[in-house]
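# Survey of secondary and tertiary structure
Residues per chain are reported as follows:
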Amino acid sequence: MSSVTYDHVTKRFDEVVAVDDLDLTIKDKEFLVLVGPSGCGKSTALRCLAGLETITKGTIKIDDQVVNDVAPKDRDIAMVFQSYALYPHMSVYDNMAFGLKLRKYEKDLIEERVQDAAEILGITELLDRKPRQLSGGQRQRVALGRAIVRDPKVFLLDEPLSNLDAKLRVQTRAEITKLHKRLATTFIYVTHDQVEAMTMADRIAVLNHGELQQVDTPQKLYDYPDNLFVAGFIGSPAMNFFNAVLREEGDDIIVDADAFNVKVPEKRKEAFQDHIGKPVVFGLRPEDIHDPNYAPPRIISQEVEADVDVTELMGNEIFLYLISGDHEYVARVDPRTGYKMGDKVKMAFNMDNMHIFDKETEEVIR
C-alpha cells in the first residue's frame, strides 16, 4: 500500500490556473476526499496523480518515488470514472479482466482475481451480462471491480456516484466505505457533494479556485472551519452568516448585527479584543438556532426576534426560514415546534457554537 504526496503542485491550462500550489500528503491506507464546487480543481488534481495531465510545476510522489515522468500504466494506480467507461460489446467478466489481459497475466490468476472481486461486490451472477443489461448501480460496481482486480497501490475515484439516484447513492456510498476497510488500500475520492465527503472520509481536503482551503477530519472541519468558504461549504443546510460589528458594552462584547444584538460568551471574549469596532461576519449553524421551549439544557443562549417566512416539516425536524430585519436565515428545530408561517417568534441562538470571521480576510477569529 502507499502514501501520496503533492509537493507544491501547480497545473495551468494556458492562463487558467486549475491547481494552485497544492501541498498535501495522503497517508497509507487513508480514505481522503477532495471536495469543492465545480471548477475548483479537484478532478484535475486527481488526473495529475493518474498521469492523465502533465503538471506545470511541483512534484507528485507515490511512496518515495517521484512519478512526474512515469507513464500512467506504470504508476500502479486504478481509477474509477463518473461515466463508468465500460466496453459495451464485452461481458462484465471481460470488462473486469481486460486490464489484466493487457498486462499478460496468467489465465488462472485472472480468473481468480475476477471471481474474488465479483464476490466482494456481489456481482458474481452478472459476469456473463453486457453493460446494457445492467442498472446504474450494477455498472458502478463493475467499474469498481475492474479497479479491484488490478490490486493497485492507490484507488482514484472521480465522482463515481453522481449518475446514481438518491437511494442508490446512499447504498453505494456505504458499499465503498466497507470496500475501503476490506481492501485496506489508499483511496482518493473526488466529489462536489459535501454529504458524501462527511460520511465517507478519514480526512477531507477542501478546494476552491484551485487552492487548498483546509484539510482535516470531517468533524474538525465542521466544528472549526478556518474561513468563510469552508464554513459555508461544509454542512447542510449551510451555516448562516450575518454582517455585524463587534462593540463593547460595559464588560461585555456585543455582536451588533443591526436587527439584533447578541452577547459573546465570557469564556470567548479575549479572542475578539483586537476586533472591537471592526466589521465582522457572525456565523451560526442552523442546528444551533432553537425554539426556546426545546433548547438543549446548559447552553449559553441569546434570544433573537424573527418572522417565520417558510416552514418545512422533515419528519424528525423542522426547517424554519426566518427573517430578522434584513437578515434571512435557516433554523433546524425540534419537530414539536408549533411555529407557523407569518408568526413573530423568539429564537434561541446557541452562542457556545458561534463563529466570528474577519470581514476583510474572511479568516476565522479564534
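As a starting point, this report considers the structure included with it. (Residues numbered from 1 in each chain as written. Predicted model: local features only at pLDDT ≥ 70, side-chain atom pairs only at ≥ 80, totals over all residues. Heavy atoms only, no water.)

### Considering the pattern of salt bridges
Side-chain pairs of opposite charge can arise whenever the charged atoms involved come near each other. One pass over the full model with this rule turns up 14 salt bridges. Linking Asp-334 and Arg-336 is a salt bridge whose minimum nitrogen-to-oxygen distance equals 2.8 Å. The exposure class assigned to Asp-334 is partly exposed, which follows from its relative accessible area of 22%. With relative accessibility at 55%, the residue Arg-336 sits in the exposed group. (Salt bridge = Lys/Arg side-chain N within 4 Å of Asp/Glu carboxyl O. Buried < 20%, exposed > 50% of the residue type's maximum accessible area, 1.4 Å probe, protein only.)

### Here we look at the environment of Ile-276
Tracing the sequence through the fold places Ile-276 in the loop between strand S13 (261-263) and strand S14 (279-284). A relative accessible area of 26% means that Ile-276 is categorised as partly exposed. Residues Ile-276 and Pro-152 lie 124 residues apart in sequence; the distance between their C-alpha atoms is 55 Å. Not counting the four nearest positions on each side in its chain, Ile-276 is found in contact with Leu-246, Arg-247, Glu-248 and Ile-253. (Helix = DSSP H or I, 4+ residues; strand = E, 2+ residues; numbered from the N terminus. Contact = heavy atoms within 4.5 Å.)

### Some details on the nonpolar core
Nonpolar side chains in soluble globular proteins generally cluster together in the buried interior. Residues Met-96, Val-114, Leu-157, Ile-176 and Tyr-189 are the most contacted members of the largest nonpolar core, which totals 46 residues. Excluding its chain neighbours within four sequence positions, the residues that come into contact with Ile-176 are Phe-31, Leu-144, Leu-157, Pro-160, Leu-161, Phe-187, Tyr-189 and Met-200. Listed in part, the 31 residues of the second largest apolar core include Val-264, Phe-272, Phe-282 and Phe-349. (Core = buried A, V, L, I, M, F, W, Y, C linked by side-chain atoms within 4.5 Å.)

### Quick notes on helix H4 (residues 136-148)
When the terminal C-alpha atoms of H4 are compared, their 18 Å separation across 13 residues agrees well with the 18 Å that a helix rising 1.5 Å per residue should span. Among the 13 residues in H4, eleven count as buried, and that is most of the element. What H4 keeps buried is the set Gly-137, Gln-138, Gln-140, Arg-141, Val-142, Ala-143, Leu-144, Gly-145, Arg-146, Ala-147 and Ile-148. Against the buried residues of H4 lie strand S6 (77-80), helix H2 (92-102), helix H3 (107-121), strand S7 (154-158) and helix H5 (166-183). (Expected span 1.5 Å × (residues − 1).)

### Details of the sheet that holds strand S12 (residues 252-256)
Ordered by their spatial adjacency, five strands build an open sheet running S13-S12-S11-S14-S20, and the pairing between neighbours is antiparallel. Strand pairing shows two members of the sheet lacking a second neighbour, S13 and strand S20 (355-358), which therefore form its edges. Across this sheet, the average inter-strand angle for adjacent strands is 40 degrees, counted without regard to direction. Bridge analysis of S14 against S20 gives four bridges, and the strand direction is antiparallel. Of the residues in S20, the one forming a bridge with Val-280 is Asp-358. (Pairing = 2+ DSSP bridges. Axes fitted to C-alpha atoms, helices over the stretch in contact; angles between N-to-C directions.)

### Points about the sheet that holds strand S4 (residues 57-62)
The strand order across the open sheet formed by four strands is S2-S1-S4-S5, and the pairing between neighbours is antiparallel. The sheet is open, and its two borders are formed by strand S2 (16-26) and strand S5 (65-66), each paired with just one other strand. Here strand S1 (residues 4-13) pairs with S2 via seven bridges, running antiparallel. Directly across from Lys-11, in S2, lies its bridge partner Val-19.

### Regarding the packing of aromatic side chains
Enumeration over the complete set of coordinates arrives at 14 aromatic pairs. Between the aromatic rings of Phe-242 and Phe-260, the centroid separation amounts to 5.3 Å while the plane-to-plane angle is 85 degrees, which identifies the pairing as edge-to-face. Of this pair, Phe-242 sits in strand S11 (residues 240-249) while Phe-260 sits in the loop between S12 and S13, and the two are 18 residues apart along the sequence. Both residues of the pair, Phe-242 and Phe-260, count as buried. Seen in terms of ring centroids, Phe-242 and Phe-282 are 5.7 Å apart; in terms of plane orientation they differ by 35 degrees. Their pairing is tilted. (Phe/Tyr/Trp six-rings, centres within 6.5 Å; stacked < 30°, edge-to-face > 60°.)

### Considerations on the packing of H4 against H5
Taken N-terminus to C-terminus, the directions of H4 and H5 make an angle of 15 degrees; their axes are 11 Å apart at the nearest point. Looking at the two axes, H4 sits roughly parallel to H5. Here the hand of the crossing between H4 and H5 comes out right-handed. From H4, Gly-136, Gly-137, Gln-140, Arg-141, Leu-144 and Ile-148 reach across to H5, where they touch Leu-168, Gln-171, Thr-172, Glu-175, Ile-176, Leu-179 and Leu-183. Class assignment for the residues of the contact of H4 with H5 results in six nonpolar, five polar and two charged. (Parallel < 35°, antiparallel > 145°, perpendicular 65-115°, else oblique. Left-handed = near helix turned anticlockwise from the far one by under 90°. Nonpolar A, V, L, I, M, F, W, Y, C, P; charged D, E, K, R; others polar.)

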